[in-house]
Structure formats: structure tokens, C-alpha cells
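Take a look at the letters that make up each chain.
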Amino acid sequence: MLFGCWTLLAILAGALLARSEPQDIEILKRRILASMGMKSVPDMQLVNTSETVMKTMMEKYLQRVKRSERELLSFEPRGCKNDSYVRFRPKIDSDSQFMWARLRFPNSSAINISDSVLTWKQNEKHPNLKLTCVDCCNTQLEIMVKESPARSGRPPCSGHCCKRHLKINFKEIGWDWVVQPKEFDAFICMGKCKKADDDFASTHALMQSLMRLQGNKVPYPCCVPSKLRRLDILHYDDKTPPELVVTRKTRMIVKECICS
């Protein structure tokens with residue numbers, strides 16, 4: 001089974017809290033290093049980074065972070081009538097900040113529809129966005145969003161499968177070679193997948209839940225990440241002497257959870 005870096009970090013955090021066997025912790029650390037293209041932990045005693053290099057790399061890191069905060073979402077029409085309207089069903093995360101929206105045509109031209117999307121977004125009762133538009137059946141809806149800072153406290157769950165906080169502190173892991181971020185919220189998927197109206201990843205998960213509810217000795221589906229986003233990391237590599245680099249790791253922070 002292939003594990004992403006988020007999964008390995010989550011397991012490592014759990015292993016540290018549970019005081020697991022030292023060899024298990026070291027294996028997890030080596031696997032995370034390998035996922036970052038490193039064979040060993042940087043020897044920090046050999047580091048000789050000038051203030052100029054540190055400043056330059058920090059600026060590069062901050063620029064990467066700023067770009068990573070933005071995400072362009074794209075949606076296909078869910079219904080249309082060429083002479084009157086087009087309908088979409090966009091999904092925007094609750095922790096994402098709306099920036100702008102446009103309707104893109106096959107010839108690459110586009111029209112700004114930010115006001116229409118913002119009005120729709122403020123009315124949570126209607127999942128469908130219906131736009132008055134002629135010859136728009138082959139268009140795409142593009143929405144630019146920005147990740148909002150993680151809110152304090154525990155996200156509302158009520159026992160269901162959902163996203164909860166999971167703070168990862170690199171110093172606590174023992175990795176002083178990570179310069180930034182010192183800590184980040186990776187989030188974790190927790191909760192029960194016992195209700196028929198839960199969000200299921202597949203028909204297989206639905207059938208598994210059905211079998212369980214009918215008394216068969218099978219477990220309920222598990223609450224797992226369904227969508228993750230990237231994280232930029234400023235750190236030293238394993239060269240001799242170690243050099244500062246910025247690594248963009250995909251699938252590091254949970255955005256959405258699902259029953260699977």
C-alpha cells in the first residue's frame with residue numbers, strides 16, 4: 001500500500017504520542033525523508049548559511065506559500081439550454097475565501113461573473129448555480145479561492161466523519177533542520193460512518209455499510225481524507241554541507257473527509 005507524506009506524518013505523530021517502539025518511529029522518519037528526496041537527516045553541525053542566503057531563501061519560501069494559498073477550481077455544466085441558461089453545481093470549501101469567478105468559453109475568452117457567484121454563495125439553500133447565458137453549454141465555470149487561516153477550536157463534527165485539528169510540530173519530532181513552518185495543522189479525519197446520509201467514497205463503501213447494518217460481521221467504512229492540499233517547506237537538504245531548499249509537498253493537509 002502506498003502512503004502519502006501526510007499519512008506518514010499522522011502515523012508518526014500518533015506513534016510519538018503512544019510511545020511506540022523506537023524502531024517503528026525511525027522507520028516512519030526514514031520513509032518521510034525518502035518522500036522528500038532525502039536519504040538521511042541533515043548534519044546541522046556542518047551548516048554554514050550566511051544571512052544573505054537565509055534572507056533570499058526565506059523570501060522564496062514566502063512567495064511559494066503565497067502562491068500555494070490560491071487554488072483555481074473548475075466546474076463543468078450540470079445542465080443547460082443554449083438559448084437561455086447554464087447550470088453548475090460548484091463546491092467551495094467552508095475554509096476557503098472566494099476571490100473571483102469567470103465563465104470560460106471554448107475559444108479561451110471569458111466573462112467575469114464574480115457578483116453572480118458571490119450572491120449564490122451567500123444563499124446556502126441552493127446548491128445549483130443557474131446563470132442566464134446564451135450559447136454557454138460548452139463553457140466552464142472557474143472560481144479562484146484562497147485558503148483561509150485555520151480557525152481555532154475543534155471543527156464541528158457531532159460524531160460524524162469530519163475534519164479535526166492535528167498540529168504537527170517539527171521540533172517535537174526532532175527535526176531542527178526544518179526552518180519553516182515550525183508547525184502546521186495537517187488535520188485528521190475522524191468520526192463514525194454509520195448513517196445512510198454520510199458522504200461515501202464509492203458504491204463499495206455503501207454496500208459495506210449496508211452489510212454491516214444488516215447484521216453481518218464486517219466493519220463500518222472508515223473516515224479517511226478524500227482531498228488534500230500541498231505544503232511548502234523551507235529546510236536543509238542532506239548534502240555535505242547541508243543547503244537550504246524549498247520543497248513543495250503535495251497531499252500534506254486534509255481538506256475534505258469521506259467514508260471509504
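Keep in mind it's a predicted model, so treat the numbers as computed, not measured. (Residues numbered from 1 in each chain as written. Predicted model: local features only at pLDDT ≥ 70, side-chain atom pairs only at ≥ 80, totals over all residues. Heavy atoms only, no water.)

## Section: the nonpolar core
How we decide: For this analysis, a nonpolar core means a set of buried residues of the types Ala, Val, Leu, Ile, Met, Phe, Trp, Tyr and Cys, connected via side-chain atoms within 4.5 Å. Partly exposed describes any residue whose relative accessible area lies between the buried limit of under 20% and the exposed limit of over 50%, with all areas from a 1.4 Å probe on protein chains only and scaled to the type maximum. Numbering of helices and strands runs from the N terminus; a helix is a DSSP stretch of H or I covering at least four residues, while a strand is a stretch of E covering at least two. Contacts between residues were defined by any pair of non-hydrogen atoms, one from each residue, lying within 4.5 Å.
Counting 35 residues, the largest nonpolar core has Trp175, Trp177, Phe184 and Leu234 as the members making the most contacts within it. Residue assignment for this core shows that the elements contributing at least two residues are helix 2 (22-35), helix 3 (51-68), helix 5 (170-173), strand 10 (178-180), strand 13 (223-236) and strand 14 (244-259). In terms of residues, this core owes the most to one element, strand 14, which gives 7 residues. In contact with tryptophan 175, not counting residues within four places along its chain, are Lys29, Ile32 and Phe170. Listed in part, the 18 residues of the second largest apolar core include Ala101, Leu103, Trp120 and Val145.

## Looking at the state of the cysteines
Our working definition: Note that a disulfide, as used here, is simply two cysteine sulfur atoms within 2.5 Å.
Summed over all chains, the structure comprises 5 disulfides. Cysteine 133 shares a disulfide with cysteine 136; S-S distance 1.6 Å. Residue class for cysteine 136 comes out buried when judged on its relative accessible area of 1%. What pairs with cysteine 161 in a disulfide is cysteine 223, and their sulfur atoms sit 2.1 Å apart. Every disulfide takes its handedness from the sign of the S-S torsion; for cysteine 161 and cysteine 223 that torsion is 80°, giving right-handed. With a gap of 62 residues between them, cysteine 161 in the loop between strand 7 (140-147) and strand 8 (162-164) and cysteine 223 in strand 13 connect regions that are remote in the sequence.

## Looking at the sheet that holds strand 2 (residues 79-81)
Rules: Strand pairing is defined by DSSP finding a minimum of two bridges between the two strands. A fitted line through C-alpha atoms represents every axis, and for helices the fit uses only the stretch in contact; the resulting angles, taken between N-to-C directions, go from 0 to 180 degrees.
Reading across the sheet, the 3 strands line up as 2-3-6 and stay open at both edges, with antiparallel pairing between neighbours. With partners counted over all chains shown, the strands left at the sheet margins are strand 2 and strand 6 (129-132), one partner each. The sheet shows a mean angle of 10° between the axes of neighbouring strands, direction not considered. The pairing of strand 2 with strand 3 (residues 85-88) spans 3 bridges and is classified as antiparallel. Following the sheet pairing, cysteine 80 is matched in strand 3 by valine 86.

## As for the sheet that holds strand 7
Ordered in space as 1-7-4-5, the 4 strands form an open sheet in which the pairing is antiparallel. Sheet topology places strand 1 (70-75) and strand 5 (110-112) at the edges, where each strand pairs with a single neighbour. Strand-to-strand twist in this sheet, taken as the mean axis angle between neighbours without regard to direction, amounts to 30°. Where strand 4 (residues 96-104) meets strand 5, 3 bridges bridge the pair, whose relative direction is antiparallel. Residue pairing across strands places arginine 102 opposite asparagine 112, the latter belonging to strand 5. Helix 4 (residues 114-121) rests against strand 4, strand 5 and strand 7 of the sheet, and its axis sits at about 130° to strand 4.

## Focus on the side chain of aspartate 185
What counts is decided by this rule: As used throughout, the charge tally considers Lys and Arg to be positive and Asp and Glu to be negative, leaving His and the chain termini uncounted. By convention in these notes, a salt bridge is any Lys or Arg side-chain nitrogen within 4 Å of a carboxyl oxygen on Asp or Glu. Each polar contact in these results corresponds to two N or O atoms within 3.5 Å; when the atoms are within protein, one needs to be able to donate a hydrogen and the other to accept it, and residues that are neighboring in sequence are counted only if both atoms are side-chain atoms.
As for its placement among the helices and strands, aspartate 185 is situated in strand 11 (residues 183-185). For aspartate 185, which is buried and forms no salt bridge, the nearest opposite charge comes from lysine 167, at a distance of 4.7 Å. A polar side-chain atom of aspartate 185 sits 2.5 Å from a polar atom in the side chain of histidine 165.

## Some points on unusual backbone geometry
The general pattern is negative phi for most residues beyond glycine and trans for most peptide bonds. Residue proline 181 is bonded to the preceding glutamine 180 through a cis peptide linkage, with omega at -5°. Along the chain, proline 181 falls in the loop between strand 10 and strand 11. The residue after threonine 240, namely proline 241, is reached through a cis peptide bond having omega -5°. Mapped onto the elements, proline 241 comes out in the loop between strand 13 and strand 14. In this structure, serine 108 takes a positive phi of about 75° despite not being glycine. Locating serine 108 in the fold gives a position in the loop between strand 4 and strand 5. Phi at aspartate 135 is positive, roughly 55°, even though this residue is not glycine. Assignment of secondary structure puts aspartate 135 in the loop between strand 6 and strand 7.

## Quick look at the packing of aromatic side chains
We apply this condition: Two rings belonging to Phe, Tyr or Trp (six-membered ring only in the last case) form a pair when the distance between their centres is within 6.5 Å. Interplanar angles under 30 degrees mark stacking, angles over 60 mark edge-to-face geometry, and anything in between is tilted. Geometrically, a charge over a ring is one whose NZ (Lys) or CZ (Arg) sits within 6 Å of the ring centre while staying within 35 degrees of the ring normal.
Applying the stated criterion to the full structure yields 2 aromatic pairs. Geometrically, the ring pair formed by tryptophan 175 and tryptophan 177 is tilted, given 5.0 Å between the ring centres and 45° between the ring planes. We note that tryptophan 175, like tryptophan 177, is buried. Of note, lysine 130 hangs over the ring of tyrosine 85, and the distance from its end group to the ring centre comes to 4.4 Å. Over the face of the ring belonging to phenylalanine 187 we find lysine 163, whose NZ or CZ atom lies 4.4 Å from the ring centre.

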